[in-house]
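For reference, the chains in residue letters:
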Amino acid sequence: KGLFKISMWALLVSFCSFITMVVNNTPDDSYLGYIISMYVWLFAAYFCVNTMRIVHGQISIEIIGYYLVGVAVMQCTLGLLINYFPFIKSIVDSLITGEKYMGVGVEDRLYGIGCALDVGGGRLGAILIILSHLIILAIKRKDSQLRFIGLIGAFIYVMTVGNMMGRTASVGAAIALFYFIIYIFYSSTYDIRIMKYINSGAIVIICGVIICIGLYNVNPEFRKLLRFGFEAFFNYFENGTFETNSTNMLSEGMIFPDNFKTWIIGDGYMASGSNDPYYTGPSDYGFYMNTDAGYSRFIFYFGLIGLSAFSLFFINVCKDCINRFVEAKYLFIAILLFNFCVWVKVSTDLFVVFAPFLCIDKSLDKR
């Protein structure tokens, strides 16, 4: 029932894309096949989740979370290997040559396989939120200090290297930290025993900071990557302005329609208008109206009607996950909030992160 309802909302998103194409007579079908994309991700997730069930004998939020964290750590490590070892870079580039979207050809930042730019940063940011949930579970169950330290170390590693891929990851890190802090201060299980975990976490964080400072001072390549990943903080301490080149571009790209019709149903263009041989509007650099800000692009594409349908699709995805796992409702709300935050910067979505959790049977382990 839940998947049927979600499918109807995804179909509505595709229908809104169809309507804007017809009304505006444009060939831009960016979201026409969203219902198909949703099921591609869902079937892929279903295969992965059932493989996990075969391996572990059961499946749970926790098991999926650890696998996602493992993927994030591997992608971050691969990004560093690609950057420092030319032969690995040549192998990866030969697989995804010409796809700048995947990070190939982008200077001064890391990329993995299909993990780069804002898309990669968004997904790594979502995994940081899941990591925060795993850390909370470790504290609740009073797991071993070694596991807790490993989770904190993974959080620092993914946050640091993830920002070198896409600085959107920092927004996910902020939401993850807020999620953790709220738990610590409002949890009914808060007691003196939690302090040993907090102390261990503080030590790991201090060690991570020391390592970063050391590499910053002895490795020019790492210094360049770190300055890119945390450009806003460097600008703040060096120039007194908390900004980056991306935020400046974003402020310029937050533009909206100047007519009622576009506000309602859009202009039917998501990508560059130059892709349409009959397009006569202003020139752009790859995105319609020269903006890659997510909300602006959605409105220009299929208006508030399409944006509302797309937003309600994700709200219903989140609700279905919560209905399955009430005890983890704040995790899914945090991921949903992050998805809407990502749209301020870029028009990607995090259904791929929700998909595995939609494939867990309610009757199985729900930890």
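Just above sits the structure.
Note that the structure is predicted; figures quoted are calculated from it, not measured. (Residues numbered from 1 in each chain as written. Predicted model: local features only at pLDDT ≥ 70, side-chain atom pairs only at ≥ 80, totals over all residues. Heavy atoms only, no water.)

Caption draft 1: Region of the structure containing the overall build of the protein. Check the secondary structure of the protein and you find 15 helices and zero strands. The burial tally for the protein puts 51% of its 367 residues in the buried class. Relative to all contacts within the protein whose residues are 6 or more apart in sequence, the contacts with residues 24 or more apart total 72%. (Helix = DSSP H or I, 4+ residues; strand = E, 2+ residues; numbered from the N terminus. Buried < 20%, exposed > 50% of the residue type's maximum accessible area, 1.4 Å probe, protein only. Contact = heavy atoms within 4.5 Å.)

Caption draft 2: Inspection of helix α10 (residues 231-239) at higher detail. Taken together, the buried positions of α10 are Glu231, Ala232, Phe234 and Asn235. Within α10, the buried residues cover an arc of 160 degrees as seen down the axis, which keeps them to one side. Following α10 by one or two positions, Gly240 has its phi on the positive side, about 80 degrees. (Arc of directions from axis to C-beta.)

Caption draft 3: Seen up close, the layout of surface pockets. Of the voids in this model, the second largest pocket is the one considered here, and its volume is about 680 Å³. Forming the boundary of the second largest pocket are 26 residues, of which Ile156, Met159, Thr160, Ile205 and Val209 lie nearest the centre. Those elements giving two or more residues to the lining of the second largest pocket turn out to be α5 (117-140), α6 (145-165), α7 (169-186) and α8 (194-218). A total of 10 residues in the lining of the second largest pocket trace back to one element, the largest contributor, which is α8. A class-by-class count of the residues in the lining of the second largest pocket yields 22 nonpolar, four polar and no charged. (1 Å grid on protein atoms, 1.4 Å probe; cavity = no way out; pocket = protein on both sides within 12 Å on 5 of 7 lines; lining within 4 Å. Points joined across faces, edges and corners; volume = space filled by probe spheres on them. Nonpolar A, V, L, I, M, F, W, Y, C, P; charged D, E, K, R; others polar.)

Caption draft 4: Layout of helix α4 (residues 86-95). Listing the buried residues of α4 in full gives Ile88, Val92 and Asp93. Axial view of α4: buried residues confined to an arc of 130 degrees, hence all on one face. The exposed residues of α4 that point more than 90 degrees off its buried face are Pro86, Phe87 and Ser94. Each element contacted by the buried residues of α4 is listed here: α3 (61-84).

Caption draft 5: Quick look at a nonpolar patch on the surface. Among the surface-exposed residues, Met254, Phe256, Phe260, Trp263, Ile264, Leu304, Ile305 and Val344 lie close enough to one another that they form a single nonpolar patch of about 680 Å² accessible area. Elements with a minimum of two residues in the nonpolar patch: α12 (260-265) and α13 (294-324). Here the nonpolar patch takes three residues from α12, the largest share from any one element. (Patch = residues over 30% accessible without salt bridge, like charges linked within 9 Å, V, L, I, M, F, W, Y side chains within 5 Å. Areas by Shrake-Rupley, 256 points an atom, 1.4 Å probe, with all protein chains shown as cover. Salt bridge = Lys/Arg side-chain N within 4 Å of Asp/Glu carboxyl O.)

Caption draft 6: Spotlight on the pattern of salt bridges. Inspection of every chain in the model, using the stated rule, returns nine salt bridges. Among the salt bridges present, the one from Glu221 reaches Lys224, with a minimum N-O distance of 3.2 Å. With a gap of three residues between them, Glu221 and Lys224 both fall in helix α9 (residues 220-229), about one helical turn apart. With relative accessibility at 26%, the residue Glu221 sits in the partly exposed group.

Caption draft 7: Looking closely at unusual backbone geometry. One non-glycine residue, Asn25, adopts positive backbone phi at about 55 degrees. The residue Asn25 is located in the loop between α1 (2-24) and α2 (34-56) in this model. Backbone geometry places Leu117, a non-glycine residue, at a positive phi of 55 degrees.

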